[in-house]
Amino acid sequence: MHASAVNARLCATLRGLHWKPAAKENPMKNSEQTSVLITGGNKGLGLEAARRLGEEGWTIFLGSRDEGRGRAAADKLADGGANVVMVPLDVTSDESVTDAVRLVREHTDRLDVLINNAGAPGRGVAPADATVDEIHSVYDTNVYGPIRVTHAFLPLLQAADHPRVVMVSSAVGSFTVVTDPEQPSSKFHELAYSSSKAALNMITVRYAQALPEIKFNIATPGEVANRKFAATDMNHHTGELTVTEGTDSILRLAMIDADGPTGIFVDRLGPVAW
């Protein structure tokens, strides 16, 4: 299918999702038992997504590699009224992921939403200087991590009535964006991070095709058309968007209904070209 036809069909699919970032339009607002696991939930986008979903009455399983920071973040959310369970979770460790599944099972027999948010930026090493070790360290978190976690939690997701998986990616995982000379990322010549996010995008699409009973979608926390991204620790808070604005796309995909799309890539304004 021609690219323009694909984009037209995608736009039609998204018409009912109200992509204008107004928030509080939540079709699941009264679903107090909705549960979500967020990896990398102790700070930045993960913590803000947890805060916003906690305000909606969701049960938050807050995944954190650093147990101390995770408990501090969970306590802060709980003080704000959220129902939150801190889950020690290192997405690069099979053992840690297995233990996380065991802990979540102590609280629920199903998982409604998984947000694979944990990410590693790499060191911005130029392609000529990049080594396999540099690439592997980033892929272990950004590519293998979501696979580890998704595979381990599939039984709990499949037990839910309307399961959703949100992969937090980046505009630099888009070939269209990276090859656009007007986009700043086209001039940032690194190998690890951008290729890991491109791989994550493909993985998500393949999950969506193979497991249609689960909504698998991709969010980038920015505005591609406006060349803006969210300010987080990963980019040393250089982004122009707030962390709340950065989570708009994540929340919208977490909240889609049973008739919503699967296998799509969006920012807070709408579809992102592949």
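Described in the following lines is the structure provided in the data block. For every chain, the first residue of the written sequence is number 1, and numbering continues from 1 onward in sequence order. The model is predicted, so local features are restricted to residues of pLDDT at least 70 and side-chain atom pairs to those at 80 or more, both for listing and for counting; the totals for chains, interfaces and linings are taken over all residues. Derived side-chain values reflect all non-hydrogen atoms in the structure, with water molecules and hydrogen atoms excluded from consideration.

## Considering helix α4 (residues 94-105)
Secondary structure elements are defined from DSSP: runs of H or I of at least 4 residues count as helices, runs of E of at least 2 residues count as strands, and each element is numbered from the N terminus. The span one expects for a helix is its residue count, reduced by one, times 1.5 Å. The end-to-end C-alpha distance of α4, which contains 12 residues, comes to 17 Å, matching closely the 16 Å that a straight helix rising 1.5 Å per residue would cover. Every buried residue belonging to α4 is among Ser96, Val97, Ala100, Val101 and Val104, and all of these are buried. An end-on view of α4 places all buried positions within 140 degrees of arc, on one side of the element. For α4, the exposed residues lying more than 90 degrees away from the buried face are Asp94 and Glu95. We call two residues contacting when some pair of their heavy atoms lies within 4.5 Å. In this structure, the buried side of α4 is in contact with β2 (59-64), β3 (83-88) and α6 (144-158). Relative accessibility under 20% of the residue-type maximum defines a buried residue, over 50% an exposed one, and the middle range a partly exposed one, all with a 1.4 Å probe and only protein chains included. The arc refers to the directions leading from the helix axis to the C-beta atoms.

## Let's talk about the packing of helix α5 (residues 132-142) against helix α8 (residues 192-210)
Lines fitted to the C-alpha atoms define the axes, with helices restricted to the stretch that makes contact. Angles between their N-to-C directions range from 0 to 180 degrees. The N-to-C vectors of α5 and α8 enclose an angle of 35 degrees; their axes lie 9 Å apart at closest approach. Relative to α8, the crossing made by α5 is right-handed. Only Ala192, Tyr193, Ser195, Ser196, Lys197 and Leu200 of α8 make contact with α5, whose side of the interface consists of Glu134, Ile135, Val138, Tyr139 and Asn142. Under the convention adopted here, Pro, Cys and the residues Ala, Val, Leu, Ile, Met, Phe, Trp and Tyr are nonpolar, Asp, Glu, Lys and Arg are charged, and Gly plus all remaining residues are polar. Grouping the amino acids of the contact of α5 with α8 by side-chain chemistry returns 6 nonpolar, 3 polar and 2 charged. Helix crossings get a hand from a simple test, with the near helix turned counterclockwise from the far one by less than a right angle marking a left-handed crossing and a clockwise turn marking a right-handed one.

## Considerations on the sheet that holds strand β10 (residues 270-271)
Pairing between two strands is assigned when DSSP locates at least 2 bridges connecting them. Taking strand neighbours across the sheet as the criterion, the 8 strands line up as β3-β2-β1-β4-β5-β6-β9-β10 in an open arrangement whose pairing is mixed. The sheet terminates laterally at β3 and β10, the two strands that pair on one side only. In this fold helix α3 (residues 67-79) packs onto β2 and β3, with an angle of close to 175 degrees to the strand it touches most, β3. Seen against the sheet, α6 touches β1 (35-38), β4 (113-116), β5 (164-168) and β6 (215-219) and runs at an angle of roughly 175 degrees to β4.

## Digging into the pattern of salt bridges
Where charged atoms from two side chains of opposite charge come close, those side chains can pair. For this analysis, a salt bridge means a side-chain nitrogen from Lys or Arg found within 4 Å of a carboxyl oxygen belonging to Asp or Glu. Enumeration over the complete set of coordinates arrives at 11 salt bridges. Residue Arg52 pairs with Asp248 through a salt bridge whose shortest N-O separation is 2.9 Å. With a gap of 196 residues between them, Arg52 in helix α2 (residues 44-55) and Asp248 in helix α10 (residues 248-254) connect regions that are remote in the sequence. In this structure, Arg52 and Asp248 share a single accessibility class: buried. Across the salt bridge formed by Arg71 and Glu67, the nearest N and O atoms sit 2.9 Å from each other. Taken together, the positions of Arg71 and Glu67, both in helix α3 and 4 residues apart, correspond to about one turn of that helix. Residue classification places Glu67 among the partly exposed residues on the basis of a relative accessible area of 38%. Linked through salt bridges whose partners overlap, the residues forming this network are Arg52, Glu223, Asp248 and Arg268.

## Notes on the pairing of β2
Of all 6 residues that make up β2, 6 are buried, and the element is covered over most of its length. Residue alternation in β2 divides its side chains into two sets, Thr59, Phe61 and Gly63 and Ile60, Leu62 and Ser64, and both sets are buried. As paired strands, β1 and β2 are joined by 4 bridges and run parallel to one another. Bridged to Val36 within β2 is Ile60.

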